[in-house]
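Structural description and commentary
Next come the chains, spelled out residue by residue.
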Amino acid sequence: MPDNQPLPHLTVVHHPLVQHKLTIMRDKETSTAGFRRLLREISLLLAYEVTRELDMTTTRIETPLQPMDAPTLDGKKLALISILRAGNGLLDGILELIPAARVGFVGLYRDPETLQPVQYYCKVPDHLEERICIVVDPMLATGNSSVAAIDLLKQSGARNIRFLCLLASPEGVARMKEAHPDVPIVTASLDSHLNEHGYIVPGLGDAGDRMFGTK
Ligand SMILES: O=P(O)(O)OC[C@H]1O[C@H](OP(=O)(O)OP(=O)(O)O)[C@H](O)[C@@H]1O
Ligand SMILES: O=c1cc[nH]c(=O)[nH]1
Ligand SMILES: [Mg+2]
């Protein structure tokens, strides 16, 4: 896709490095430490895609040879919003790439019976209406958590939002399209379906548990 085209509703990043790392993450034999390291590495590659059409401007600089109007990111400030806990596995790497970004957290866990998100925390930067918000969470399963987090951001004024995840289900993508058709999704894989417990199949299990070694 040309760099300055608007992101479509769904982008699946088929890059070989992403797919290779994702396969190792899916493997149940991969250790907690390995899983965390790979998630950080993939986050850098996915960040490249989710930011590919940010507005650019130029800044006058002098190279050792001559003056130059050189490209820089335009003024719109970025906010990275992590859906706790597992979102932090994507957040850390992206923050290294975009260290000036503001950071917000939405704490949600999914009730295992109802599959509805339960909110326990919310702290987001001011003036979200002026910012591009990149919401990060490795898993888009039913879509209930991402829809709830984006509802909260919109209530706080956010208008320009995109969602970055590692795995998406067809059900989650459809739910997001229905609730937030203005929010493009970037993911490393669109998996097959959800199982009866709302887990993505083939998936990688519970991302938070695999990141932190909990059960
Ligand atoms: O699309 P959904 O059906 O809502 O499921 C996805 C959510 O489930 C996981 O979080 P979880 O509830 O396990 O919390 P955790 O990050 O604390 O482990 C995941 O990180 C998403 O936030
Ligand atoms: O497959 C899934 C679904 C929800 N949350 C996860 O961590 N994994
Ligand atoms: Mg979890």
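Residues numbered from 1 in each chain as written. Chains lettered and ligands numbered in written order. Predicted model: local features only at pLDDT ≥ 70, side-chain atom pairs only at ≥ 80, totals over all residues. Heavy atoms only, no water.

Scanning the protein for helices and strands turns up six helices and 14 strands. For the protein, the C-alpha atoms occupy an extent of roughly 60 × 40 × 30 Å along the three principal directions. The 215 residues of the protein split such that 47% are buried. Considering only contacts within the protein whose residues lie at least 6 apart along the sequence, 64% involve residues at least 24 apart. (Helix = DSSP H or I, 4+ residues; strand = E, 2+ residues; numbered from the N terminus. Buried < 20%, exposed > 50% of the residue type's maximum accessible area, 1.4 Å probe, protein only. Contact = heavy atoms within 4.5 Å.)

With that settled, the discussion passes to the UniProt feature "binding site: uracil" (unreviewed entry) in the protein. If you check UniProt for "binding site: uracil" (unreviewed entry), the listed places come out as Ile200, Gly205, Asp206 and Ala207 in our numbering. Inspection of the secondary structure assignment puts Ile200 in strand E14 (residues 200-201). According to the relative accessible area criterion, Ile200 is buried, its value standing at 7%. Residue placement: Asp206 occurs in the loop between E14 and helix H6 (207-212). Among residues more than four places away in sequence, those in contact with Asp206 are Arg85 and Tyr199. Of note is the side chain of Asp206, whose polar atom sits 3.3 Å from the side chain of Tyr199. (UniProt positions renumbered as here; feature names shortened; annotations may be inferred. Polar contact = N/O pair within 3.5 Å; in protein donor to acceptor, adjacent residues only side chain to side chain.)

Turning to the UniProt feature "binding site: 5-phospho-alpha-D-ribose 1-diphosphate" (unreviewed entry) in the protein, a few remarks are in order. This chain's UniProt record puts "binding site: 5-phospho-alpha-D-ribose 1-diphosphate" (unreviewed entry) on Arg85, Arg110, Asp137, Pro138, Met139, Leu140, Ala141, Thr142, Gly143, Asn144, Ser145 and Asp206. Dropping the residues within four chain positions of it, Leu140 is found in contact with Ser146, Phe163, Cys165, Leu167, Ala168, Ser169, Gly172, Val173, Met176, Ile185 and Ile200. Taking relative accessible area as the criterion, Asp206 reaches 26% and is therefore assigned partly exposed.

In this section: the packing of helix H1 (residues 16-26) against helix H2 (residues 32-50). Between two packed helices, both the angle of their axes relative to each other and the distance between the axes serve to describe the pair. Closest axis-to-axis distance for the H1/H2 pair is 10 Å, and the angle between their directions is 155°. The angle between the axes of H1 and H2 places the two elements in the roughly antiparallel class. Between H1 and H2 lies a crossing whose hand is left-handed. Together, Leu17, Val18, Lys21, Leu22, Ile24 and Met25 of H1 and Phe35, Leu38, Leu39, Glu41, Ile42, Leu45 and Leu46 of H2 make up the contact between the two elements. Across the contact of H1 with H2, the residue classes break down as 11 nonpolar, no polar and two charged. (Axes fitted to C-alpha atoms, helices over the stretch in contact; angles between N-to-C directions. Parallel < 35°, antiparallel > 145°, perpendicular 65-115°, else oblique. Left-handed = near helix turned anticlockwise from the far one by under 90°. Nonpolar A, V, L, I, M, F, W, Y, C, P; charged D, E, K, R; others polar.)

A separate point is the sheet that holds strand E12 (residues 189-190). Spatially, E8-E10-E12 is the arrangement adopted by the three strands of the open sheet, whose pairing is parallel. Only two strands of the sheet have a single neighbouring strand rather than two, namely strand E8 (139-140) and E12. Relative to E12, strand E10 (residues 167-168) runs parallel, the two sharing two bridges. Bridging from a neighbouring strand, Ala168 pairs with Leu190 of E12. (Pairing = 2+ DSSP bridges.)

We now examine the nonpolar core. In this structure, Leu46, Leu164 and Leu166 are the most contacted members of the largest nonpolar core, which totals 36 residues. Considering each element in turn, this core owes the most residues, seven residues, to H2. Residues Ala79, Ile150, Val173 and Val183 belong to the second largest nonpolar core, which totals 23 residues. (Core = buried A, V, L, I, M, F, W, Y, C linked by side-chain atoms within 4.5 Å.)

What surrounds ligand 1 is a group of 16 residues, the closest being Arg110, Asp137, Thr142, Gly143 and Ser145. Within the backbone of Ala86, a nitrogen or oxygen atom sits 3.0 Å from an oxygen atom of ligand 1. Contacts to ligand 1 include Ala141, whose backbone N or O atom sits 2.9 Å from an oxygen atom. Summarising the interface, the protein chains cover 92% of the accessible area of ligand 1, which totals 500 Å² for the free molecule. Secondary-structure elements contributing two or more residues to the shell around ligand 1 are strand E5 (102-110), E8 and helix H4 (144-155). (Near = heavy atom within 4 Å. Areas by Shrake-Rupley, 256 points an atom, 1.4 Å probe, with all protein chains shown as cover.)

Taken together, Arg110, Met139, Ala141, Gly198, Tyr199, Ile200, Gly205, Asp206 and Ala207 are the residues near ligand 2. A distance of 2.8 Å separates a nitrogen atom of ligand 2 from a polar backbone atom of Gly205. Within the backbone of Ala207, a nitrogen or oxygen atom sits 2.8 Å from an oxygen atom of ligand 2. Protein coverage of the free-state accessible area of ligand 2, which is 240 Å², stands at 89%. A per-class count over the shell around ligand 2 returns five nonpolar, two polar and two charged.

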